[in-house]
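Analysis of the macromolecular model
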Amino acid sequence: MSIVTNVNIVIDTDGLLKKYPSGSTDPNNPTPVSHEFEYMVVNGNNSISGQGGADLNFAAAVGDEVRFSGVSGSNNFENQVQIIGIKRYGGDQVFSTFEVNSFTKSSYVPSNSSNGLPVTFADRNFSFLSASVTNRGTENYQVQFAVYVRDRDHQNPVLKGYYQWDPTITVNS
């Protein structure tokens, strides 16, 4: 039975931008970064090793769907992360081509009470990069992402740069 594996990525944007203040402005040539600012978590029992760290190795089966999404762990209200690419750089080709998928679904909105109850519901947009797992093997890939920061001079966040680092996936079945 095929399943969906959600890879949730949290980026410490404050730490990243302190060490790499001038990221690439070319989305086709992101700045490589160290593995100290990225935290990845997968659902279920898919983690082989590295759950909660930048070097997550997770398992999937041929026919599964894998979805990558990202947020800022520093201040997602002011700093935003967008996963822009998953690029193979070594090992076996296990993923199909990644595409952006976006869905609008009803999501809760807390009230202004002390505990947020009662909630109401409103449409919200959810997006992620997704691909099918097409082959067995171990793929080394780069997660490429953009960091946007809202400062006092701008209403909308501005691009701080494009970055990337390299985890692994293992497909056993």
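Residues numbered from 1 in each chain as written. Predicted model: local features only at pLDDT ≥ 70, side-chain atom pairs only at ≥ 80, totals over all residues. Heavy atoms only, no water.

**With respect to the environment of His35**
For clarity, the threshold we go by: Helix numbering and strand numbering both begin at the N terminus, where a helix is a DSSP run of H or I of at least 4 residues and a strand a DSSP run of E of at least 2. Exposed residues in this analysis have more than 50% of their type's maximum accessible area, buried residues have under 20%, and partly exposed residues fall in between, with area computed by a 1.4 Å probe over protein chains only. Two residues qualify as a contact provided that any one of their heavy atoms is within 4.5 Å of a heavy atom in the partner residue. Under the rule applied, a polar contact is a pair of N or O atoms within 3.5 Å (in protein, one hydrogen donor and one hydrogen acceptor; residues adjacent in sequence only if both atoms are side-chain atoms).
Mapped onto the elements of the fold, His35 is located in the loop between strand 2 (31-32) and strand 3 (38-42). Looking at His35, the relative accessible area reads 31%, which means it is partly exposed. Residues His35 and Gly70 lie 35 residues apart in sequence; the distance between their C-alpha atoms is 15 Å. Apart from the residues lying within four places of it in its own chain, the contact partners of His35 are Ala54, Asp55, Trp165 and Asp166. At 2.4 Å, the side chain of His35 forms a polar contact with the side chain of Asp55. A distance of 2.7 Å separates the side chain of His35 from the side chain of Asp166, its partner in a polar contact.

**A word on the pattern of salt bridges**
Selection criterion: We define a salt bridge as a side-chain nitrogen of Lys or Arg found within 4 Å of a carboxyl oxygen belonging to Asp or Glu.
Summed over all chains, the structure comprises three salt bridges. Residues Lys19 and Glu36 are paired through a salt bridge, measuring 2.7 Å at the closest nitrogen-oxygen approach. Pair noted here: Lys19 is in helix 1 (residues 13-19) and Glu36 is in the loop between strand 2 and strand 3, with a separation of 17 residues, a long-range link. The partly exposed category is assigned to Lys19, whose relative accessible area is 45%. A salt bridge links Glu65 to Arg67, with the shortest nitrogen-to-oxygen separation between them at 3.0 Å.

**Describing the nonpolar core**
We apply this condition: Note on terminology: a nonpolar core comprises buried Ala, Val, Leu, Ile, Met, Phe, Trp, Tyr and Cys residues joined through side-chain atoms within 4.5 Å.
Phe58, Phe68 and Phe95 are the most contacted members of the largest nonpolar core, which totals 34 residues. Per-element accounting of this core gives the leading share, five residues, to strand 10 (residues 137-149). Residue contacts for Phe68: discarding those within four places in its chain leaves Val7, Ile9, Met40, Phe58, Ile83, Ile86, Phe95, Phe98, Phe128, Leu129, Tyr141 and Val143.

**What about the packing of aromatic side chains?**
What counts, and what does not: Stacked, edge-to-face and tilted are the three classes for Phe, Tyr and Trp ring pairs, Trp counted by its six-membered ring, which pair at centre distances within 6.5 Å; planes under 30 degrees apart are stacked, over 60 edge-to-face, the rest tilted. Cation placement over rings: the criterion is NZ of Lys or CZ of Arg within 6 Å of the ring centroid and within 35° of the ring normal.
Applying the stated criterion to the full structure yields ten aromatic pairs. Judged by centre distance (4.8 Å) and plane angle (70°), the rings of Phe95 and Phe98 are edge-to-face. Accessibility assignment for this pair places Phe95 and Phe98 in one class, buried. Sitting over the ring of Phe77, Arg150 keeps its end group 5.9 Å from the ring centre.

**Quick look at the side chain of Ser130**
If you trace the backbone, Ser130 turns up in strand 9 (residues 120-132). Judged by its relative accessible area of 6%, Ser130 falls in the buried class. In terms of polar contacts, Ser130 uses its side chain to reach the side chain of Asn101, at 2.3 Å. Each residue touching Ser130, except ones within four places of it in the same chain, is listed here: Glu65, Val66, Arg67, Thr97, Phe98, Glu99 and Asn101.

**Some details on the sheet that holds strand 6 (residues 65-72)**
The condition that has to hold: When DSSP finds two or more bridges between two strands, those strands count as paired. Angles run from 0 to 180 degrees between N-to-C directions of axes, and those axes are lines fitted to C-alpha atoms, restricted for helices to the stretch in contact.
What the five strands build is an open sheet, ordered 3-1-6-9-8; its pairing is mixed. The strands lining the two open edges of the sheet, one partner per strand, are strand 3 and strand 8 (99-109). Taking each pair of neighbouring strands and ignoring which way they run, the sheet shows an average axis angle of 30°. The pairing of strand 1 (residues 4-11) with strand 6 spans eight bridges and is classified as parallel. Across the sheet, residue Ile11 finds its bridge partner in strand 6, namely Ser72.

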